[in-house]
Amino acid sequence: MASAAAAAYDRLAELKAFDETKAGVKGLVDAGVAELPRIFHAPPHILDAYPTAAAEDPNFVFPIIDLGGAWEDPEKRKKVFAEIRDASASWGFFQVVNHGVPASVVEEMKAGAHRFFNLDVEEKKQYYGRDMRKKVVYHSNLDLYTSSSANWRDAVMFQMAPNPPAPEELPTSCRDVVTEYSSEMLKIGDSLFELLSEALGLESNYLKEMGCAEGVNVVYNYYPACPQPELTLGTTQHADIGFISVLVQDDVGGLQVLHKDHWVDVPPMADGLVINIANLLQVMSNDNFTSVKHRVLVKNVGPRVSIIAFFGVGFTLGSRIYGPIEELLSEEHPPRYKKTTIQDFVAQSYKQGLNGISFLDMLKLTKD
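Presented here is an overview of the structure given in this document. Residue indices follow the written sequence of each chain, beginning from 1 at its first position. Thresholds applied to this predicted model are a pLDDT of at least 70 for local features of residues and 80 or more for the giving and counting of side-chain atom pairs; totals over whole chains, interfaces and linings are not thresholded and use all residues. Remark: hydrogens and water are excluded; side-chain values derive from all non-hydrogen atoms of the structure.

**Comments concerning the layout of surface pockets**
Only protein atoms enter the 1 Å grid, on which a cavity is a set of points fitting a 1.4 Å probe that cannot get out and a pocket is an open set with protein on both sides within 12 Å along at least 5 of 7 lines, lining residues being those with an atom within 4 Å of a point. Grid points are joined across faces, edges and corners, and a volume is the space filled by probe spheres set on the points. Here the second largest pocket is characterised by a volume of approximately 150 Å³. Forming the boundary of the second largest pocket are Ala53, Ala54, Ala55, Phe60, Val61, Phe62, Val264, Asp265 and Pro267. Here the lining of the second largest pocket is built from residues that sort into eight nonpolar, no polar and one charged. Under the grouping applied here, Gly and all other residues not named as nonpolar or charged are polar, the nonpolar ones being Ala, Val, Leu, Ile, Met, Phe, Trp, Tyr, Cys and Pro and the charged ones Asp, Glu, Lys and Arg.

Pasting the structure below:
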């Protein structure tokens, strides 16, 4: 019986049938699906690779950094960049409060996500695809045909800097707020790269002068309520590939960070921005900062939305070469990575990721 069931299961056909609807995971929920389709079943070794830390365990308290006063008070600024240095080295993640991004803009951005994904399928279809060179791309699972299991998530990406789309290219459901939010992200990006530069012992403008704050993609992620959340993931474990990512999550929660071989829940905070170090900044910092794996769980409640600003992942960026920063190197601390361009790093990261290989590891000059 089991072999007959396996023979009857045509995974590619099911993937194509799902993809051709262009309705995404939300389309399945709207159709009343009560049982998780098999294409979303994640292998046990992916679901259960690490235990989840207990919320009350003092060894796994997620770092929260108050930026209030960091630009007016020199002593407060020293305290802040010391906290950022410690969190970036040990966690690769931290959450900031009193960051200056207006709460009204963040809330309207969340509302814009719901408006977009609640559009009629026919209206959303015009943006559907996987050509990441386009300025606006709506999709469900970029790696749908190559991953071992599909994620319970839909998304839409906006390439907002350095060459933003024309206003008419953006969906009317979220056009104004995506533009405003992207402007706020560029501002907070400048501030964060100043603090990260100082955390590395560099001049405050160092990372900005290297172009780290120039390229920004803004992404809406949409996670509908799942009928069998124990069988799948919203986002499979991965590490980001640019410089940094800035994330807002709603109160549903689900983001987990891998720390000391445990999954740690990132607490949702209405006024918080979650910052994570991405692979290319780990290269530039010569391992002073770390880019760590993270994932998103799904629940039987929702939908959950998150908003991510990715700095340094755009295909439209120039051919500037990045490698370990010279000022961080010495005889005792030689370079640990080869140099690369953003285009090659992004392209090869996607390619090697499909093969289960980390391009970050391929760049290493020394083996741990």
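**Details of the environment of phenylalanine 158**
Helix and strand assignments come from DSSP, with helices taken as H or I runs of at least 4 residues and strands as E runs of at least 2, each series counted from the N terminus. Among the secondary structure elements, phenylalanine 158 is positioned in strand E4 (residues 154–161). Exposure remark for phenylalanine 158: the relative accessible area of 0% places this residue in the buried category. Discounting residues that sit within four places of it in the chain, phenylalanine 158 has contacts with Lys135, Val136, Leu170, Pro171, Cys174, Val178, Val216, Asn217, Val218 and Tyr220. In this scheme, a residue with accessible area under 20% of its type's maximum is buried, one over 50% is exposed, and one in between is partly exposed, where area comes from a 1.4 Å probe on protein chains only. Residues are treated as being in contact if the distance between any of their heavy atoms lies within 4.5 Å.

**Here's the deal with empty space enclosed by the protein**
Over the atoms a probe the size of a water molecule is rolled, and this reveals where empty space is left. Tallied over the full model, the rule gives one cavity of 30 Å³ or more. Taken as a whole, the largest cavity holds about 40 Å³ of empty space. What lines the largest cavity is simply Tyr223, Pro224, Val252, Gly253, Leu297, Val298, Lys299, Val301 and Arg304. Tallied by class, residues from the lining of the largest cavity come to six nonpolar, one polar and two charged.

**Side note on the pairing of strand E9 (residues 262–265)**
Every other side chain in a regular strand lies on the same face of the sheet, so the side chains alternate between the two faces. Pairing between two strands requires that DSSP report at least two bridges joining them. Strand direction decides the pairing type here: strand E8 (residues 255–259) and E9, joined by four bridges, are antiparallel. Bridging from a neighbouring strand, leucine 258 pairs with tryptophan 263 of E9. In this structure, the hairpin formed by E8 and E9 is closed by a connection of two residues, where lysine 260 is found at a positive phi of approximately 55°.

**What to know about the sheet that holds E8**
Taken in spatial order, the four strands line up as E6-E11-E8-E9 in an open sheet, and their pairing is antiparallel. In this open sheet, the two strands that pair with only one neighbour each are strand E6 (235–238) and E9. On average, each strand axis in the sheet is tilted by 25° relative to the strand beside it, whichever way the strands run. An axis is simply a line fitted to the C-alpha atoms; with a helix, the fit covers only the stretch in contact. Between two such axes, the angle follows the N-to-C directions and lies from 0 to 180 degrees.

**A few points about the packing of helix H6 (residues 103–117) against helix H8 (residues 175–199)**
Where H6 meets H8, the axes come as close as 9 Å, and the angle between the chain directions of the two elements is 140°. Accordingly, the angle class assigned to the pair H6 and H8 is oblique. Like other packed secondary-structure pairs, H6 and H8 cross with a definite hand, here left-handed. Note on element contacts: H8 touches H6 through Val177, Val178, Glu180, Tyr181 and Glu184, opposite Val105, Val106, Glu108, Met109 and Arg115. Here the residues of the contact of H6 with H8 are counted per class, giving six nonpolar, no polar and four charged. Throughout, the term roughly parallel applies to angles under 35 degrees, roughly antiparallel to angles over 145, roughly perpendicular to angles from 65 to 115, and oblique to all others. Two helices cross in a left-handed way if the nearer one is turned anticlockwise from the farther one by less than a right angle. They cross in a right-handed way if the turn is clockwise.

**Observations regarding the packing of aromatic side chains**
For this analysis, a ring pair means two rings from Phe, Tyr or Trp (six-membered ring only for Trp) whose centres lie within 6.5 Å, classed as stacked if their planes differ by under 30 degrees, edge-to-face if by over 60, and tilted for the remaining angles. By the definition in use, this model includes 14 aromatic pairs. Centre to centre, the rings of phenylalanine 117 and tyrosine 138 are 6.3 Å apart; their planes meet at 65°, and the pair counts as edge-to-face. Of the two residues, phenylalanine 117 sits in helix H6 while tyrosine 138 sits in strand E3 (residues 136–139), which places them 21 residues apart along the sequence. When its relative accessible area of 0% is taken as the criterion, phenylalanine 117 is described as buried. Taking the relative accessible area as the measure of exposure, tyrosine 138 reaches 0% and is therefore buried. Measuring from ring centre to ring centre gives 4.7 Å for phenylalanine 117 and tyrosine 222, while their planes differ by 25°; the resulting arrangement is stacked. Of this pair, phenylalanine 117 sits in helix H6 while tyrosine 222 sits in strand E5 (residues 216–223), and the two are 105 residues apart along the sequence. On the basis of relative accessible area, tyrosine 222 is assigned to the buried category, the value being 5%. Seen from the ring of tyrosine 9, arginine 38 lies directly overhead, with NZ or CZ sitting 3.9 Å from the centre. Sitting over a ring, as applied to charges here, requires NZ of Lys or CZ of Arg to be within 6 Å of the ring centre and within 35 degrees of the ring normal.

**Things to note about the pattern of salt bridges**
Pairs can form between side chains of opposite charge whenever their charged atoms are close. Every case where a carboxyl oxygen of Asp or Glu lies within 4 Å of a side-chain nitrogen of Lys or Arg is listed as a salt bridge. A full pass over the atoms with the stated rule returns 15 salt bridges. The partner of lysine 125 in a salt bridge is glutamate 122, and the shortest N-O contact between them spans 3.0 Å. For lysine 125, a relative accessible area of 27% corresponds to the partly exposed category. Judged by relative accessible area, glutamate 122 falls into the exposed class, the value being 59%. What you see here is one network of salt bridges that share partners, running through Arg77, Glu194, Glu198 and Lys208.

**A word on the side chain of glutamate 198**
You can see glutamate 198 is positioned in helix H8. Residues in contact with glutamate 198, not counting those within four places in the same chain, are Arg77, Phe81 and Ser204.

**Some thoughts on H8**
The span expected for a helix works out to 1.5 Å for each residue beyond the first. Along its 25 residues, H8 runs 36 Å from first to last C-alpha, staying within 8% of the 36 Å computed at 1.5 Å per residue. Positive phi appears at glycine 201, one or two residues downstream of H8, with a value of about 85°.

**Quick word on the environment of threonine 341**
By the element assignment, threonine 341 lies in strand E14 (residues 340–341). Sequence separation between threonine 341 and glutamine 228 is 113 residues; the distance between their C-alpha atoms is 41 Å. Two N or O atoms form a polar contact when they lie within 3.5 Å of each other; inside protein one atom must be a possible hydrogen donor and the other a possible acceptor, and for residues adjacent in sequence the pair counts only when both atoms belong to side chains. In terms of polar contacts, threonine 341 uses its side chain to reach the backbone amide nitrogen of aspartate 344, at 3.1 Å.

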